[in-house]
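# Report on the structure
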Amino acid sequence: MRKLIAILVLVAGMAFAQSDIRLVLIPGLTTDAFYITMNKGAQAAAKALGITVDFQGAPNFNPVEQIPVLDAVIASKPDGILIAPTDKVQLVEPLRKAVEAGIPVVTVDTFIDDGKYQDGAGDGDFPVSYIASDNVAGGMIAARAMCNAIGNAGSVYVSNVNPGISTTDQREEGFKAGIAEICPDVHVLETQFNEDDSSTAAAQFQAVLASNPDLAGVFGANLFSALGAANGVEAAGKGGDVTVIAFDAPQSIVDQIDSGLVDMTIAQHPFEIGYYGVITAYANLTGNPVPPHIGTGYTVMTKDNIADPEVQKFIYSE
Ligand code: T6T
């Protein structure tokens, strides 16, 4: 018996000599400042823990390109996967393969299924945890800012990526609920989907403006949507007439706040998402309990506070 206990202790100790742990972070796409900043947080946590985190992703935000990356990552047998799933439904089965191969999954930024993990309900219940901003609340913050800027009249629309993405669906939902509550006479036009392409978002602004002369504002629900909408406003010579409320904080959006083209942006804290994503996966791998959800915060950026170093530290890395 004593011999058995000694063997078990030895095996438990050997299971993970710290430096043996290798996680892979799969972003929505590799070149987005949001995910680049998230990776910095992930690397900071990896350094603190003495483990390795690889960053491996696709060049565009869509499941068709993300799933083969995921398959290759699973085949490389990492100890754990952190992923920002690019579709709530389409990533469920591909991620199940990871769990079946004994690789725990943490989702960062976006979720699969209903985002409520480990509660025994739903097809996509199996990830260990979900680390992200509160995206419904983010959309509501945007709506409040929009109502303050335009009053209770005119039309607005949401410039969005694609339906089926948990984050941007929730931002749109929060925005529409906020408009209905705070400035109910504002007419919300049909959402324009740009497939994460800022040029498409800019062109869509011109088209919406042409058929809606009372257009008073646009909410850009992520980095490329916001950037494109702002560029569209500028190209149409509507800066100052049409309010732009943005989501995300790359330097390009901050410059548009400085110039007055964008009224406000809601900066997420991607560094924290990456940091706590790694800590959570590590805790799970080393036998510690983890919460099924960790929420991270926002920093609202406007012309009034953008010079403050405490605000500037949340501008994304390029
Ligand atoms: O807004 C972020 C992220 O939260 C969203 O899921 C996808 O778009 C971004 O990466 C910004 O481009």
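Residues numbered from 1 in each chain as written. Predicted model: local features only at pLDDT ≥ 70, side-chain atom pairs only at ≥ 80, totals over all residues. Heavy atoms only, no water.

## Focus: the sheet that holds strand β1 (residues 22-26)
Taken in spatial order, the 6 strands make up an open sheet running β2-β1-β3-β4-β5-β12, and their pairing is parallel. Both edges of this open sheet fall to β2 (52-55) and β12 (293-296), since each of them pairs with a single strand only. In this sheet, neighbouring strand axes are inclined to one another by 20 degrees on average, regardless of whether the strands run parallel or antiparallel. Here β1 runs beside β2; their pairing, made up of 4 bridges, is parallel. Within β2, the residue paired with Leu23 across the bridge is Val53. Most of the contacts of helix α2 (residues 33-49) go to β2, to which it runs at about 165 degrees, and overall it touches β1, β2 and β4 (105-108). (Pairing = 2+ DSSP bridges. Helix = DSSP H or I, 4+ residues; strand = E, 2+ residues; numbered from the N terminus. Axes fitted to C-alpha atoms, helices over the stretch in contact; angles between N-to-C directions. Contact = heavy atoms within 4.5 Å.)

## Looking at the site of the ligand
The full set close to the ligand counts 13 residues, and Asp32, Asp109, Thr167, Arg171 and Asp248 are the nearest of them. At 2.8 Å from an oxygen atom of the ligand is found a side-chain nitrogen or oxygen belonging to Arg171. The contact in question runs from an oxygen atom of the ligand to an N or O atom on the side chain of Asp248, over 2.6 Å. Coverage of the ligand by the protein amounts to 99% of the 300 Å² it exposes when considered alone. Here the residues of the shell around the ligand are counted per class, giving 5 nonpolar, 4 polar and 4 charged. (Near = heavy atom within 4 Å. Polar contact = N/O pair within 3.5 Å; in protein donor to acceptor, adjacent residues only side chain to side chain. Areas by Shrake-Rupley, 256 points an atom, 1.4 Å probe, with all protein chains shown as cover. Nonpolar A, V, L, I, M, F, W, Y, C, P; charged D, E, K, R; others polar.)

## Description of the domain arrangement of the protein
The parts lose accessible area when they come together, and the size of an interface is often stated as this lost area. Parsing the protein into structural domains produces domain 1 (2-133 + 269-297) and domain 2 (135-247). Each of domain 1 and domain 2 has a C-alpha centre, and the two are 32 Å apart. Taken together, the 13 residues of domain 1 in the interface contact 12 residues of domain 2. Regarding the contact of domain 1 and domain 2, the summed buried area is about 950 Å², with carbon and sulfur atoms giving 53% of it. One can count 1 salt bridge joining domain 1 with domain 2. A salt bridge links Asp169 to Lys88; the shortest N-O distance between them is 2.8 Å. Taken together, domain 1 and domain 2 are joined by 4 residue pairs in polar contact (both at pLDDT 80 or more). Counting only elements with at least two residues in the side of domain 1 that touches domain 2, the list comes to α2 and β5 (129-133). (Domains from an automatic or database assignment. Buried area = accessible area lost by both parts, 1.4 Å probe. Salt bridge = Lys/Arg side-chain N within 4 Å of Asp/Glu carboxyl O.)

## A word on the packing of aromatic side chains
Evaluation of the coordinates by the stated rule reveals 9 aromatic pairs. On the numbers, 4.8 Å between centres and 25 degrees between planes, the contact of Phe175 with Phe219 is stacked. Pair noted here: Phe175 is in helix α6 (residues 166-182) and Phe219 is in strand β9 (residues 215-220), with a separation of 44 residues, a long-range link. Every member of this aromatic cluster is reached through a ring pair, and the members are Phe175, Phe219, Phe247 and Tyr298. (Phe/Tyr/Trp six-rings, centres within 6.5 Å; stacked < 30°, edge-to-face > 60°.)

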